[in-house]
Amino acid sequence: MMTVRDPRFPSSSTTAIQSDAAIKFCDTTLRDGEQAPGVAFTAAEKLAIAAALDAIGVHQIEAGIPAMGVTERDVLREILATDPHAEIVGWCRADHRDVEAAASCGLVTAHLTIPVSDLHLKSKLGRDRAWARLRVRDCVADATDRGMRVSVGFEDASRADDAFVTDLAGELRELGVTRLRWADTVGLLDPVSAHDRLGRLVRAVPGPWEIHAHDDFGLATANTIAAVQAGFTWVSTTVLGLGERAGNAPIEEVAMALRHLLKLPVDLDTTSFRSLARLVSRAARRPLPAGKAVVGESVFAHESGIHVHGILRHPATYEPFDPAEVGGRRRLAIGKHSGRASVRYALEQYGLTAEDDEIEPLLERVRAAATQHKRGLHGRDFQELLGRVEMPTPRAEAPRREEQV
Ligand SMILES: CC(=O)SCCNC(=O)CCNC(=O)[C@H](O)C(C)(C)COP(=O)(O)OP(=O)(O)OC[C@H]1O[C@@H](n2cnc3c(N)ncnc32)[C@H](O)[C@@H]1OP(=O)(O)O
Ligand SMILES: O=C(O)CCC(=O)C(=O)O
């Protein structure tokens, strides 16, 4: 593996845009993220993740569930004591005990959730829409009377009656609710209907609206982007998409898609995305897949001959943005799919040049070795192959260091 740097991509420091119009992030790695089965952060891990999210400039951190008990409340207090720039939020049911628990940790912001689909209201809670309306209004009043800022989440909104959600949203806005969260709780939304339905909602009840998308059909990022296109100004995300079942919309995917696909300002320090991903992956005891979009180890690695040939001429041919923008680096791999340009480039790293007819036999050996090892070649593998073929004469200049795959 070798690193290629190219000045044709702007550095991330010049692309971070500060703007009032930037989409706001409410990161829920410490709440929905930790709800992923088997994930249990220690207090130290929660503090470290909160600090890292704060450092990248996340606007709100949904840091836990006060109703879970003393330990959770203690951690929430500790996070608040670090005096973060981000607003720290406690997730609550529409239940006075939850509001009390949130207030008792010194939280000034509470997020209250009310299920809005008939399925959830009837089958889960044995209740109806009228109950939901009264209950959430009552709890909002409780929290605001305590001087708290309140946002409300509509659980299972994607399976709810849009007319009911619209009416309830209008009422809650009049009660002073700061933001409304529309939750696709079981990930049933698709981007086209999301754009249609959520656009109508925003036109009926002005925001701020937040989208909370789940990834059961692999559409959480797409649906989040569609919601923003429809006029939502807040996104609910988690690092690596960690969360219930298939997870949530990953912060790293949403941020980069907003910036590069929608050309919207994103005022997060995206250069820390890779280190943030590693931190959460370790704390969650979940390996970070090599091909994970934006932050995976191999997402800026190129092996295929045609791609390396292109990248060497202009990195944008096969990269959507500069890897440095997310704390990554470009790497060229030598492997089964390498072509002459790759091998020629690799040889150059050792101060060697070669004609095509000299490269062909080497390429054959590269393919055989990669197939045998079932991986790309490390620097030492390549050097070993060089030793076994009749190699061209070294050039005068000193060899450059090669990085390993
Ligand atoms: C879609 C989501 O992600 S929602 C968030 C889900 N997150 C979690 O559940 C993680 C943390 N949860 C917990 O620690 C516990 O479930 C607690 C502390 C919240 C509640 O624990 P328990 O009192 O033992 O209740 P249990 O978990 O068995 O059942 C949930 C209770 O919440 C009630 N409930 C569920 N959602 C809501 C809501 N939005 N508003 C009001 N009450 C609700 C249910 O009716 C049930 O109450 P009941 O036992 O009086 O019928
Ligand atoms: O805050 C909310 O209402 C969303 C709760 C949630 O995590 C979900 O519905 O998936």
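These numbers come from a predicted model, not from an experiment.

A. Here's a closer look at the pattern of salt bridges. Taken as a whole and judged by the stated rule, the model has 31 salt bridges. One salt bridge in this structure joins Arg93 and Asp98, with 2.9 Å as the shortest N-O distance. On the basis of relative accessible area, Asp98 is assigned to the buried category, the value being 1%. Where Glu171 meets Arg133, a salt bridge forms, and the shortest distance between an N and an O atom there is 2.7 Å. Residue Glu171 is located in helix H8 (residues 162-174), and its partner Arg133 is located in helix H7 (residues 129-145); the two are separated by 38 residues in the primary sequence. Overall, Arg133 belongs to the partly exposed group, its relative accessible area being 24%. The structure contains a network of salt bridges with shared partners spanning Arg31, Asp32, Glu62, Arg179, Arg181 and Glu210.

B. Region of the structure containing the site of ligand 1. Surrounding ligand 1, one finds 13 residues, the nearest of these being Gln35, Arg93, Ala94, Thr113 and Leu125. Gln35 has a polar side-chain atom sitting 2.9 Å from an oxygen atom of ligand 1. Within the side chain of Arg93, one N or O atom sits 2.8 Å away from an oxygen atom of ligand 1. Protein burial of ligand 1: of its 1000 Å² of free accessible surface, 53% is covered by the chains. When contributions to the shell around ligand 1 are tallied by element, the ones reaching two or more residues are strand E4 (87-93) and strand E5 (109-115). Looking at side-chain class alone, the shell around ligand 1 contains seven nonpolar, three polar and three charged residues.

C. Quick peek at the side chain of Thr185. By the element assignment, Thr185 lies in the loop between strand E7 (179-184) and helix H9 (191-204). Thr185 sits in the buried class, given a relative accessible area of 14%. If we ignore the near neighbours within four places in the chain, the residues touching Thr185 are Glu155, Asp156, Ser158, His214 and Arg245.

D. Summary view of the sheet that holds strand E2 (residues 24-27). Strand order in the closed barrel formed by eight strands is E2-E3-E4-E5-E6-E7-E8-E9, with parallel pairing between adjacent strands. Across the sheet, the axes of successive neighbouring strands diverge by a mean angle of 25°, strand direction being ignored. The pairing of E4 with E5 spans four bridges and is classified as parallel. By the bridge assignment for E5, Gly90 is matched with Ala110. Across the sheet, helix H4 (residues 70-81) lies against strand E3 (60-64) and E4, angled at about 150° from E3, the strand it touches most. The strands touched by H7 are E5 and strand E6 (149-155); relative to E5, the strand with the most contacts, the crossing angle is about 175°.

Cut-offs applied
Residues numbered from 1 in each chain as written. Chains lettered and ligands numbered in written order. Predicted model: local features only at pLDDT ≥ 70, side-chain atom pairs only at ≥ 80, totals over all residues. Heavy atoms only, no water. Salt bridge = Lys/Arg side-chain N within 4 Å of Asp/Glu carboxyl O. Buried < 20%, exposed > 50% of the residue type's maximum accessible area, 1.4 Å probe, protein only. Helix = DSSP H or I, 4+ residues; strand = E, 2+ residues; numbered from the N terminus. Near = heavy atom within 4 Å. Polar contact = N/O pair within 3.5 Å; in protein donor to acceptor, adjacent residues only side chain to side chain. Areas by Shrake-Rupley, 256 points an atom, 1.4 Å probe, with all protein chains shown as cover. Nonpolar A, V, L, I, M, F, W, Y, C, P; charged D, E, K, R; others polar. Contact = heavy atoms within 4.5 Å. Pairing = 2+ DSSP bridges. Axes fitted to C-alpha atoms, helices over the stretch in contact; angles between N-to-C directions.

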